[in-house]
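Results of the structural survey
Read off the chains here:
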Amino acid sequence: MFSRFLFLTALVATAIASPSFLNMVVHDQRSTAPDGFSRTATPPAEQTIKLRLGLHQNDIAGLEDALMAVSTPGNALYGQHLTKEQVEAFVAPTSDTVSLVNEWLSSNNITPATVSPAGDWLQFTIPISQANSLLGADFQVFTHGETGKQFVRTLSYSIPAVLQGHVDVVHPTTTFDNPFVHLPFVDVPKSNKRDEDAAALEARAVPSSCASTITPACLQALYGIPTTPATQSSNVLGVSGFIQQFANKADLTTFLKNLRPDIPSTTTFTLETLDGGQDTQTASQAGVEANLDTQYTIGVATEVPNAFISVGNNFQDGALEGFLDIINFLLAQSNPPTVLTTSYGQNENTISRSLANQLCNAYTQLGARGTSILFASGDGGVSGSQSGRCTTFLPTFPSGCPFMTSVGATTGITETAATFSSGGFSNFFARPSYQSTAVSSYLTALGSTNAGKFNTSGRAFPDVSAQGENVEIVVGGQTGTVAGTSCSSPIFASSPLGFLNPFLTLLPAKQPLTMLPQVRIKISCDNPGCNTNGFPAKAGWDPVTGLGTPNFAKVTSCGWPVNIPPI
């Protein structure tokens, strides 16, 4: 009875809406659910769903131009990052857009809340029966066979024709959660005592022992990272925390005592929270990923202030599970972190193209403010964020976004590509101009290998790489080693440059192989998946290790943005 009442209410609301809103057009659709999902039930009509509307941003092309200007060496605006107000002026929807969308929602008895600093995201909660009517959708329960996780989604939705060009995306609709989206790209064989080679490294500081265990001292030796404290007090290194991964301060103290005895063991991080996030300090709840990220950002970037940003489970962005929330949280700050490293991600095919564009636009905003945004590229080689079934190569997200920096993984003292390092070409985003020369050279050398399995015109990733195997951390008072590109992202995150990619791609032109230490060997390595050997690593850029690993001395000799000295 209650369900029927809600359904009739929705019909009445639609009937009394302005006639201009009755002409509906399909706005987004997909033919099937992603691999592994199946439709299993129809949700109760009275069940509610929280929807977000991404409104059209008035000048995102202008913001992209501004980002490239402040990020490209040689440009007169290089290093002159935008203010919060300047960025918001580019992305705020026009008054016509706001008025028209609010009229549509009001005619359906919906009062939205604004949930982004620039007013480009609206949010409201309505019964599923009304959502189906409002959007011409068919929301169903989809179940992921392997994990049993269930999500309410639709394979298609529509909006009034008059709202085209005003509403870019409605979420969550055709985007499916990746059930493994927030599993750390990491493998943790814990032990009760430290590896003998690691102990020998601490006692003797012999770089050759780094062949079995990677520590901050190894990274300092491999990449020429200085041990002297940072002198730029305005730099802040932000570490993203998801899925109740808690960074343990006692473990950090042990880590510093063991592996960075030259800096105070009391060195720690500040805590920022959103969506009900927290950072419980119980030893048994210490998170492998959270500890890895904080121990290596603090343990490598000497005395750089570190902020652990804990995103709770009270997501406001639906299937994105805090990915958009954390960016809007930082965009609202007057002084967001200089660097943000994130060791989570998902396959690009699980997210709708329109939603991927919106999240990429959010990274553009934060990059224009001067924040280096780094993400682990994934651990499934060419089969995506983690190994799985595929016939064509699966790019990861957000690595396909042109306005962030994707980090792949290497291994060994004589660095070679880690075979798990995800890389490839986006199916959503075109290749940016800053990649044109390096990627074209790679594709020419690749020839017909893997033809038809990837988008040759897509944005290529990763951009760079760093050590990703046998990395020593402390979790719950125990020492162990971990592996994954989730190691590589926080390790590389020790050098803020704002939006990095245009700067990095110009380095080889200024100094051949600047990004590649002499010990680097990439030949005869690849990232297998999808029943292939994946992409071969080659000299220059490749879709396994990007441009290579950092060489601090050579990079700093090429010049840095005036507003952000090296840390």
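Within any chain, residue numbers begin from 1 and follow the written order of that chain's sequence. Predicted model: local features are reported for residues with pLDDT of at least 70 only, side-chain atom pairs are reported and counted for 80 or more only, and whole-chain, interface and lining totals are derived from all residues. With hydrogens and water excluded, all non-hydrogen atoms of the structure serve as input to the side-chain values.

Labelled according to an unreviewed UniProt entry, the protein chain appears under the name tripeptidyl-peptidase II, originating from Gymnopilus junonius. Heading Subcellular location (unreviewed entry) of the UniProt record for the protein chain holds this comment: "Secreted, Extracellular space". UniProt lists a comment for the protein chain under the heading Function (unreviewed entry), and it reads "Secreted tripeptidyl-peptidase which degrades proteins at acidic pHs and is involved in virulence." UniProt positions are given in the numbering used here, feature names are shortened, and annotations may be inferred rather than shown by experiment.

**Let's talk about the side chain of Gln 123**
Structurally, Gln 123 is set in strand S5 (residues 121-127). Given a relative accessible area of 12%, Gln 123 falls into the buried group. At 3.0 Å, the side chain of Gln 123 forms a polar contact with the side chain of Arg 52. We call two residues in contact when some of their heavy atoms are within 4.5 Å. Apart from residues no more than four positions distant in its own chain, Gln 123 is found in contact with Lys 50, Leu 51, Arg 52, Pro 112, Ala 113, Val 115 and Gln 316. Comment: elements are numbered from the N terminus, with helices defined as DSSP H or I runs of at least four residues and strands as E runs of at least two. For every residue, the accessible area (1.4 Å probe, protein chains only) is compared with the maximum for its type, and the residue is labelled buried under 20%, exposed over 50%, or partly exposed between those bounds. Polar contacts, as used here, are pairs of N or O atoms within 3.5 Å; protein pairs need one atom able to donate a hydrogen and one able to accept it. Residues neighboring in sequence count only if both atoms are side-chain atoms.

**Quick notes on the sheet that holds strand S9 (residues 167-171)**
Here, a strand pair is defined by DSSP locating no fewer than two bridges between the strands. Taken in spatial order, the four strands of this open sheet run S4-S5-S3-S9, and their pairing is antiparallel. Looking at the sheet topology across the chains shown, the edges are occupied by strand S4 (113-114) and S9. Where S4 lies against S5, two bridges are found, and the strand directions are antiparallel. Within S5, the residue paired with Ala 113 across the bridge is Gln 123. Along the sheet face, helix H11 (residues 353-368) touches strand S3 (48-55), S5 and S9 and points at about 105° away from the line of S9. Orientation is described by lines fitted to C-alpha atoms, with helices fitted over the stretch in contact, and by angles between N-to-C directions that extend from 0 to 180 degrees.

**Notes on the environment of Ser 426**
Secondary-structure assignment places Ser 426 in strand S20 (residues 424-430). When near neighbours in sequence (up to four residues on either side) are disregarded, Ser 426 contacts Glu 348, Pro 395, Gly 400, Asn 455, Gly 458 and Arg 459. In terms of polar contacts, Ser 426 uses its side chain to reach the backbone amide nitrogen of Phe 428, at 2.9 Å.

**Observations regarding the packing of aromatic side chains**
Each Phe, Tyr or Trp ring, with Trp reduced to its six-membered ring, pairs with another whose centre is within 6.5 Å; inter-plane angles below 30 degrees give stacked pairs, above 60 give edge-to-face pairs, and intermediate values give tilted ones. Counted according to the given criterion, the structure contains 16 aromatic pairs. Their ring planes at 80° and their centres at 5.3 Å tell us that Phe 242 and Tyr 344 sit as a pair that is edge-to-face. Here Phe 242, found in the loop between strand S11 (237-241) and helix H8 (249-259), pairs with Tyr 344, found in the loop between strand S14 (339-342) and strand S15 (346-347); they are 102 residues apart in sequence, far enough to count as distant. Neither residue differs from the other here; Phe 242 and Tyr 344 are each classed as buried. Centroid distance Phe 425 to Trp 541: 6.0 Å. Interplanar angle 70°. Geometry classified as edge-to-face. One end of the pair, Phe 425, is in strand S20; the other, Trp 541, is in the loop between helix H14 (501-510) and helix H15 (552-557), with 116 residues separating them in the sequence. Exposure remark for Phe 425: the relative accessible area of 2% places this residue in the buried category. Residue Trp 541 is classed as buried on the basis of its relative accessible area of 5%.

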